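# Topology and contacts: notes
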Amino acid sequence: MSRAVRICLAFQFALLALQPAAALAADIPAADPFAAARKRMVEQQLTAPGRDVTNRRVLAAMGKVPRHELVPAELRGLAYADQPLFIGHGQTISQPFIVAFMTDKLNPKPTDRVLEIGTGSGYQAAVLSELVAQVYTIEIIEPLAHRAEADLKRLGCTNVFVRAGDGYKGWPEAAPFDAIIVTCAPDRVPQPLVDQLKQGGRMVIPVGPLYDQNLYLLEKSGSKVKRTAILPVLFVPMTGGQGKP
Ligand code: SAH
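Here we summarise the structure given alongside this text. (Residues numbered from 1 in each chain as written. Predicted model: local features only at pLDDT ≥ 70, side-chain atom pairs only at ≥ 80, totals over all residues. Heavy atoms only, no water.)

## Examining the packing of aromatic side chains
In the structure shown here, the tally under the stated rule is five aromatic pairs. Aromatic side chains F34 and Y80 sit 6.0 Å apart centroid to centroid with 40° between the ring planes, which places their arrangement in the tilted category. Within this pair, whereas F34 is found in the loop between helix 1 (3-27) and helix 2 (35-46), its partner Y80 is found in the loop between helix 3 (56-64) and strand 1 (85-88), the two being separated by 46 residues in sequence. Judged by its relative accessible area of 19%, F34 is buried. Take Y80: its relative accessible area is 6%, and that puts it in the buried class. Through pairs of rings, three or more aromatic residues link up here, namely Y136, F161, W171 and F177. Across the ring face of W171, the terminal group of R163 is positioned such that the distance to the ring centre comes to 4.3 Å. (Phe/Tyr/Trp six-rings, centres within 6.5 Å; stacked < 30°, edge-to-face > 60°. Helix = DSSP H or I, 4+ residues; strand = E, 2+ residues; numbered from the N terminus. Buried < 20%, exposed > 50% of the residue type's maximum accessible area, 1.4 Å probe, protein only. Lys NZ or Arg CZ within 6 Å of the ring centre and 35° of its normal.)

Printed below as a string of structure tokens:
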């Protein structure tokens, strides 16, 4: 065998030896291209001075949930920017800081069952699914509810239950809840939601007309509900009947 043929054969064997490794590499998903952007979001936005998000579990959950998987494909590049984004049907996914702030104030515990009103993209529900035992979430726009349900399933959030309907009435069959988070703004706090909160339960809810809203923390104890205004905010209005016939 000539030297040239020997070299050529050796080269082919080397290629053969490489093949299984190459095939294996193709099966392993590429590293998350948004990991650095998500880390920056946590380190530079959520924990910026004055933003008052301190719960380590909340920050860890926000550092884990792939927000880019829940925004429209053409907006993925902005998924971790310090702003809300449109998600279709005239609705938005909240700014990451607002999600972090509201979740922090909800004080989620691993054993909690939580109700969310306003599923939207499903992002807030995905963050909660990392932090509590079960999440029940209601969205009034049916196509959004169905899309969020499919996306949450794809992301493996098996402890989230999505319902299409008017969240004003809550989810009586699954009540009472340890905590309730509302991500659309009613004119006043819906009484059915107060009724579906456990004793000692917390509710975080924006209330008021479009350009004059405040975020409130409600704490239920006995027949009393302590109400504290915590931040001026801008949320989409709660639609549906708001309890009116
Ligand atoms: N939490 C969402 C952001 C939601 S934006 C997220 O993480 O992406 C507010 C959502 O509340 C919108 O999708 C809107 O359709 C929904 N909404 C408004 N009124 C509602 C109602 N009465 N019941 C349930 N959802 C409502």
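## Here we look at a nonpolar patch on the surface
Where nonpolar side chains cluster on the molecular surface, the patch consists of L210, Y211 and L234 and spans about 370 Å² of accessible area. Relative to the elements of secondary structure, L234 occurs in the segment after strand 9 (224-233). (Patch = residues over 30% accessible without salt bridge, like charges linked within 9 Å, V, L, I, M, F, W, Y side chains within 5 Å. Areas by Shrake-Rupley, 256 points an atom, 1.4 Å probe, with all protein chains shown as cover. Salt bridge = Lys/Arg side-chain N within 4 Å of Asp/Glu carboxyl O.)

## A short note on the side chain of T119
Looking at the element boundaries, T119 is found in the loop between strand 3 (113-117) and helix 5 (123-129). The exposure class of T119 is buried, given its relative accessible area of 3%. Once residues lying within four places of it in the same chain are set aside, the contact partners of T119 are T137, I138, E139, A148 and V162. (Contact = heavy atoms within 4.5 Å.)

## Re the sheet that holds strand 4 (residues 134-139)
Reading across the sheet, the seven strands line up as 5-4-3-6-7-8-9 and stay open at both edges, with mixed pairing between neighbours. Both edges of this open sheet fall to strand 5 (160-164) and strand 9, since each of them pairs with a single strand only. In this sheet, adjacent strand axes meet at a mean angle of 15° when their direction is disregarded. Sheet analysis places strand 8 (residues 213-221) next to strand 9, joined by nine bridges and oriented antiparallel. (Pairing = 2+ DSSP bridges. Axes fitted to C-alpha atoms, helices over the stretch in contact; angles between N-to-C directions.)

## Regarding the pattern of salt bridges
In this structure the tally under the stated criterion is 13 salt bridges. With its nearest N and O atoms 3.2 Å apart, the salt bridge here joins D82 to R51. Residue D82 is located in the loop between helix 3 and strand 1, and its partner R51 is located in the loop between helix 2 and helix 3; the two are separated by 31 residues in the primary sequence. Close ionic contact of D52 with K105 constitutes a salt bridge, the shortest N to O distance being 3.4 Å. Separated by 53 residues along the polypeptide, D52 in the loop between helix 2 and helix 3 and K105 in helix 4 (residues 96-106) bring together distant segments of the chain. A relative accessible area of 16% means that K105 is categorised as buried. Here the salt bridges share partners, and the residues they tie into one network are E69, R76, D151 and R154.

## Looking at the layout of surface pockets
The computed volume of the largest pocket comes to approximately 670 Å³. When residues of the lining of the largest pocket are traced back to their parent elements, those giving at least two are strand 1, strand 2 (91-93), helix 4, strand 3, helix 5, strand 4 and strand 9. At three residues, the largest contribution of residues to the lining of the largest pocket is made by strand 2. Tallied by class, residues from the lining of the largest pocket come to 22 nonpolar, 15 polar and three charged. (1 Å grid on protein atoms, 1.4 Å probe; cavity = no way out; pocket = protein on both sides within 12 Å on 5 of 7 lines; lining within 4 Å. Points joined across faces, edges and corners; volume = space filled by probe spheres on them. Nonpolar A, V, L, I, M, F, W, Y, C, P; charged D, E, K, R; others polar.)

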